[in-house]
Amino acid sequence: MPSPPATATTTRGDGIRGTVILMKKNVLDFNDLSASFLDRLHEFVGKRVSLQLISAVQADHGNGMKGKLGKPAYLEDWITTITPLTAGESAFTVTFDWEEDIGTPGAFLIRNNHHSEFYLKSLTLENVPGHGVIHFICNSWVYPAHKYEKDRIFFSNKFYISDVGLFLCSVVISPDANKDKSAWRTDEEFAREMLAGVHPVIIRCLQEFPPASKLDSKVYGDQTSTIRKKHIESNMDGRTVDEAIRQKKLFILDHHDALIPYLRRINSTSTKTYASRTILFLQNDGTLKPLAIELSLPHPEGDQYGVISKVYTPAEEGVENSIWQLAKAYVAVNDSGYHQLISHWYNFINDDQRGKFNKLN
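Residues numbered from 1 in each chain as written. Predicted model: local features only at pLDDT ≥ 70, side-chain atom pairs only at ≥ 80, totals over all residues. Heavy atoms only, no water.

A. Looking closely at unusual backbone geometry. The omega torsion across F209 and P210 is -5°, close enough to zero to call that bond cis. Relative to the elements of secondary structure, P210 occurs in the loop between β12 (204-205) and α4 (217-220). With a phi angle near 55°, D237 is a residue other than glycine that sits in the positive phi range. Topologically, D237 is positioned in the loop between α5 (229-232) and α6 (241-246). Its relative accessible area of 46% is what places D237 among the partly exposed residues. A positive phi angle, near 55°, is found at K248, a position not held by glycine. By the secondary structure assignment, K248 is in the loop between α6 and β13 (250-255). (Helix = DSSP H or I, 4+ residues; strand = E, 2+ residues; numbered from the N terminus. Buried < 20%, exposed > 50% of the residue type's maximum accessible area, 1.4 Å probe, protein only.)

Here it is, written out as structure tokens:
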């Protein structure tokens, strides 16, 4: 069992301590007993696991207005923390330098310089100045750094996104309605799960309307979204689409371009799905709400003719509500599938394997 979480404190040395809970590979893979030795060897020569806090409130003007990065901090005592094969979780302390110009952390980067991957469960900070406890739920594999183009990022229970994917405006995750057994059906819960779920960084600020496609029009025809102003403006607190875009109030979860090239093949099996685009609105209380979902299929006469699309909008009752619930379900399935295939597999295979996959598909 993991040791009790360390209590994070702000000391005169400007340090904030926290606890990382993870599961080492040798605990989960009995066939790779060398992983523990090699990871300790990497640790010994200075190839450690580093974390950097990212500001939720301060942008770095020299880095494309992304959240300001804190100094790297490292997991402590990896070498001396011996994990028996039956122990499961391990708890590691990490100490961050407190920098006032960072302010409240909204996310953190993690870089695994070890030989082996590990399963990261959580990071907990306590007594963060002006905030208190900040908890990051991760529940994801962190592979060695050379397998990523960019370091992994995880968000706190208060989520921050912008037109570059990170931190220009804040989105507060709404509280769980644990007492309401039908809460999972609400639009608020749909957006909350999207933010707190498997792949929140794909949500981006909408910069053009209607949303366009980057697919080759010579091959796939016109893939421009069929979502129109009439579908969403009545649910935007009196704003027009143009005003909402200028105010960074509109966001999109776009699973259109990634799926369209493969939909015919997918739908020729027992599995059926749609490409999807979801438009979301940032409300004054900091939460997101879905405004419209577009579901698309390849044109029956050929890819060069584009797609057949239909737009669905929120409905409170009747058949329309049932259809709206189904549209949200397709979006959730796409979100999970994209994360598993692209984030967990495609991004980690080598260039030769990726080339063969692209030719095959």
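B. Seen up close, the sheet that holds strand β8 (residues 132-142). In spatial order, the strands read β5-β1-β7-β8; together these four strands make up an open sheet with antiparallel pairing. Every other strand in the sheet has two partners, leaving β5 (90-97) and β8 as the edge strands with one partner each. Taking each pair of neighbouring strands and ignoring which way they run, the sheet shows an average axis angle of 20°. Across eight bridges, the pairing between strand β7 (residues 118-128) and β8 is antiparallel. In the sheet register, L123 faces β8, and the bridge partner there is F136. (Pairing = 2+ DSSP bridges. Axes fitted to C-alpha atoms, helices over the stretch in contact; angles between N-to-C directions.)

C. Up close: the environment of D97. Note that D97 resides in strand β5. Through-space distance from the C-alpha of D97 to that of L53 is 9.7 Å; in sequence the pair is 44 residues apart.

D. Spatial organisation of the pattern of salt bridges. Per the counting criterion, the structure on display carries seven salt bridges. In this structure, D187 and K328 form a salt bridge, with 2.8 Å as the shortest nitrogen-oxygen distance. You can see D187 sitting in helix α3 (residues 187-196) and its partner K328 sitting in helix α8 (residues 318-343), a full 141 residues away along the chain. Considered together, D187 and K328 belong to a single accessibility category, that of buried residues. Here R204 and D254 are joined by a salt bridge, their closest N and O atoms 3.7 Å apart. On the criterion of sequence distance, the pair formed by R204 in strand β12 and D254 in strand β13 is long-range, its members being 50 residues apart. Owing to a relative accessible area of 32%, R204 belongs among the partly exposed residues under this scheme. You can call D254 buried: its relative accessible area is 16%. Ionic contacts of the salt-bridge type, sharing partners, join the residues R204, D254, R277 and E294 into one network. (Salt bridge = Lys/Arg side-chain N within 4 Å of Asp/Glu carboxyl O.)

E. Looking closely at the sheet that holds β13. The antiparallel open sheet is built from five strands, whose spatial order is β12-β13-β14-β15-β16. Of all strands in the sheet, those bounded by a partner on one side alone are β12 and β16 (307-312). In the sheet, strand β14 (residues 275-282) pairs with strand β15 (residues 288-298) via eight bridges, with the strands oriented antiparallel. Each residue of the ladder has a partner; that of I279, found in β15, is A292.

F. Quick look at the nonpolar core. One finds L51, F108, I110, L120, L123 and L125 to be the most contacted residues of the largest nonpolar core, which totals 24 residues. Ranked by residue count, the leading element in this core is β7, at five residues. Every residue in contact with L120, bar those within four places of it in the chain, is listed here: V20, I21, L22, F108, I110, C138, N139, S140, V142 and F154. A191, L195, L282 and A327 belong to the second-largest nonpolar core, a separate cluster that totals 18 residues. (Core = buried A, V, L, I, M, F, W, Y, C linked by side-chain atoms within 4.5 Å. Contact = heavy atoms within 4.5 Å.)

G. Broad picture of a negative patch on the surface. A cluster of acidic side chains, namely E188, D285, E316, E317 and E320, defines a negative patch on the protein surface. Of note, E316 is situated in the loop between β16 and α8. A residue is classified by how much of its surface remains accessible, and E316, at 77% relative accessible area, is exposed. (Patch = residues over 30% accessible without salt bridge, like charges linked within 9 Å, V, L, I, M, F, W, Y side chains within 5 Å. Areas by Shrake-Rupley, 256 points an atom, 1.4 Å probe, with all protein chains shown as cover. Lys, Arg positive; Asp, Glu negative; His and termini not counted. Charge placed at Lys NZ, Arg CZ, Asp CG, Glu CD.)

H. Looking closely at the environment of T19. Within the secondary structure, T19 sits in strand β1 (residues 15-24). Through-space distance from the C-alpha of T19 to that of V94 is 6.2 Å; in sequence the pair is 75 residues apart.

I. The arrangement of the side chain of S225 in detail. Mapped onto the secondary structure, S225 falls in the loop between α4 and α5. Given the relative accessible area of 1%, S225 is considered buried. If near-sequence neighbours (up to four positions away) are discounted, S225 is found in contact with P210, P211, R277 and E294.

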